[in-house]
Amino acid sequence: MDTLSYKTISANKTTVNKQWVLVDAEGQTLGRLSSKVAKLLRGKYKPNYTPHVDCGDNVVIINAEKISLSGKKWDAKEYIRHTGYPGGQRKINASELFKKDPTRILEKSIKGMLPKNKLGADLFRNLKVYVGTEHKQDAQKPTAINLNDLK
């Protein structure tokens, strides 16, 4: 058996095949939707996945205002930030953040599932989240996928 014929193929910026994907968030649960979208952004559904390369797809999410949270998370889930001053810790619950901007809950959830380095910042730029069914990526012709078909 010739073991030299089994080479590990590592993707790089020139050999990666990036596509545009359209995801409908209507009726989806926040965490399950976010984990699948994070895998799409990372490229983990592709056979040539390489951990240190941006080999994932560009993802467009529509209907961000129609996501759901289970249990009492609309009131109990808190998002904490700090102003930088002493005693400057601020809290906001999920329903208040959702009223301000429905896209921010999805963006925060997905960003938390990406690597905390330069690669994660690059991957996050491949995500576009919109309220409603209209989006600005018509020229890229994104293909609509059903997240329930993905593992």
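Up top is the structure.
Note on numbering: residues in each chain are counted from 1, in written sequence order. Reporting of local features is limited, given that this is a predicted model, to residues whose pLDDT is at least 70; pairs of side-chain atoms are given and counted only at 80 or more, and all residues count toward the totals for whole chains, interfaces and linings. Only hydrogens and water are removed before side-chain values are computed, so all heavy atoms of the structure are retained for them.

Trainee: Could you clarify how one ought to interpret the sheet that holds strand E5 (residues 127-129) in this entry?
Mentor: In sheet architecture, strand pairing relies on hydrogen bonds along the backbone and comes in two forms, parallel and antiparallel. Only when DSSP finds a minimum of two bridges between them are two strands counted as paired. Helix numbers and strand numbers start at the N terminus; a helix is a DSSP run of H or I with at least 4 residues, a strand a run of E with at least 2. With parallel pairing, four strands are arranged side by side in an open sheet as E5-E2-E1-E6. With one partner strand each, in any of the chains shown, E5 and strand E6 (143-144) form the two edges of the open sheet. Inspection of the sheet shows strand E2 (residues 58-62) paired to E5 by three bridges, in the parallel sense. When the bridges of E5 are listed, Val-59 appears paired with Leu-127. Residue contacts are defined here by distance: any two heavy atoms, one from each residue, within 4.5 Å place the two residues in contact. Every axis corresponds to a line fitted to the C-alpha atoms, with the helix fit spanning only the stretch in contact, and the corresponding angles, defined between N-to-C directions, vary from 0 to 180 degrees. Where helix H4 (residues 102-112) meets the sheet, it contacts E2 and E5, and its direction lies at approximately 155° from that of E5.

Trainee: Can you help me understand the pairing of strand E1 (residues 20-24) in this one?
Mentor: For a regular strand, the rule is simple: side chains alternate between the two faces of the sheet. Across five bridges, the pairing between E1 and E2 is parallel. Considered in E2, the bridge of Val-23 is made with Ile-61. Viewed with both strands pointing away, a crossover whose connecting path from the first strand over the helix to the second turns clockwise is right-handed. Where the polypeptide runs from E1 across helix H1 (residues 30-42) and back to E2, its parallel neighbour, the crossover connection is right-handed. As paired elements, E1 and E6 share two bridges and run parallel to each other. Bridging across to E6, Leu-22 finds its partner in Ala-144.

Trainee: Would you mind going over the pattern of salt bridges with me for this structure?
Mentor: If the charged atoms of two oppositely charged side chains come close together, the side chains can form a pair. Whenever a carboxyl oxygen of Asp or Glu lies within 4 Å of a side-chain nitrogen of Lys or Arg, that contact is scored as a salt bridge. Inspection of every chain in the model, using the stated rule, returns three salt bridges. A salt bridge links Lys-18 to Asp-54, with the shortest nitrogen-to-oxygen separation between them at 3.0 Å. Placement of Lys-18 in the segment before E1 and of Asp-54 in the loop between H1 and E2 is noted, with a sequence separation of 36 residues between them. The partner of Arg-125 in a salt bridge is Asp-122, with the nearest N and O atoms 2.5 Å apart. Exposure remark for Asp-122: the relative accessible area of 35% places this residue in the partly exposed category. Partly exposed describes any residue whose relative accessible area lies between the buried limit of under 20% and the exposed limit of over 50%, with all areas from a 1.4 Å probe on protein chains only and scaled to the type maximum.

Trainee: Just to check I follow, could you spell out the nonpolar core for this structure?
Mentor: Buried together is how nonpolar side chains tend to be arranged in soluble globular proteins. Throughout this description, the term nonpolar core refers to a set of buried Ala, Val, Leu, Ile, Met, Phe, Trp, Tyr and Cys residues connected via side-chain atoms within 4.5 Å. Formed by 28 residues in total, the largest nonpolar core has its most connected members in Val-37, Ile-61 and Leu-106. Among the secondary structure elements, those contributing two or more residues to this core are E1, H1, E2, helix H3 (94-100), H4, helix H5 (118-124) and E5. Apart from the residues within four sequence positions on either side, Leu-106 is in contact with Leu-30, Leu-33, Ser-34, Ile-61, Ala-64, Ile-67 and Val-129.

Trainee: Explain the layout of surface pockets to me, please; I cannot follow it from the model alone.
Mentor: Rolled over the atoms, a probe with the dimensions of a water molecule shows which regions are left empty. Here the term cavity refers to a set of points on a 1 Å grid, laid over the protein atoms alone, in which a 1.4 Å probe fits but cannot get out; the term pocket refers to an open set having protein on both sides within 12 Å along at least five of seven lines, with lining residues being those that place an atom within 4 Å of a point. Grid points are joined across faces, edges and corners, and a volume is the space filled by probe spheres set on the points. Of the pockets and cavities examined, the largest pocket occupies roughly 190 Å³. What lines the largest pocket is simply Tyr-79, Ile-80, Arg-81, Arg-90, Lys-91, Ile-92, Leu-97, Lys-100, Arg-104 and Lys-108. Contributions of two or more residues to the lining of the largest pocket are made by strand E3 (78-82), strand E4 (89-93), H3 and H4. Charged means Asp, Glu, Lys or Arg here, nonpolar means Ala, Val, Leu, Ile, Met, Phe, Trp, Tyr, Cys or Pro, and polar covers whatever is left, Gly included. Here the residues of the lining of the largest pocket are counted per class, giving four nonpolar, no polar and six charged.

Trainee: What's the story with unusual backbone geometry in this structure? I'm lost.
Mentor: The phi torsion of most residues other than glycine is negative, and most of the peptide bonds are trans. Unlike most non-glycine residues, Asn-63 shows phi in positive territory, near 60°. Mapped onto the fold, Asn-63 is located in the loop between E2 and helix H2 (73-76).

Trainee: Sorry if this is basic, but what is going on with the packing of aromatic side chains here?
Mentor: Working definition: an aromatic ring pair is given by the centre-to-centre distance plus the angle between the planes. Note on ring pairs: Phe, Tyr and Trp rings are taken, using the six-membered ring of Trp, and paired if centres are within 6.5 Å. Classes follow the plane angle, with under 30 degrees stacked, over 60 edge-to-face and the rest tilted. Going through the model one piece at a time under the given rule, you end up with one aromatic pair. Here Trp-74 and Phe-98 contribute two aromatic rings whose centre-to-centre distance is 5.1 Å and whose plane-to-plane angle is 65°, an arrangement assigned as edge-to-face. On the criterion of sequence distance, the pair formed by Trp-74 in helix H2 and Phe-98 in helix H3 is long-range, its members being 24 residues apart. Owing to a relative accessible area of 19%, Phe-98 belongs among the buried residues under this scheme. Two limits define a charge over a ring: the Lys NZ or Arg CZ must be within 6 Å of the ring centre, and within 35 degrees of the ring normal. Between the NZ or CZ atom of Lys-111 and the centre of the ring of Phe-124, over which it lies, the distance is 5.1 Å.

Read these as layout, nothing more, since geometry by itself doesn't imply function.
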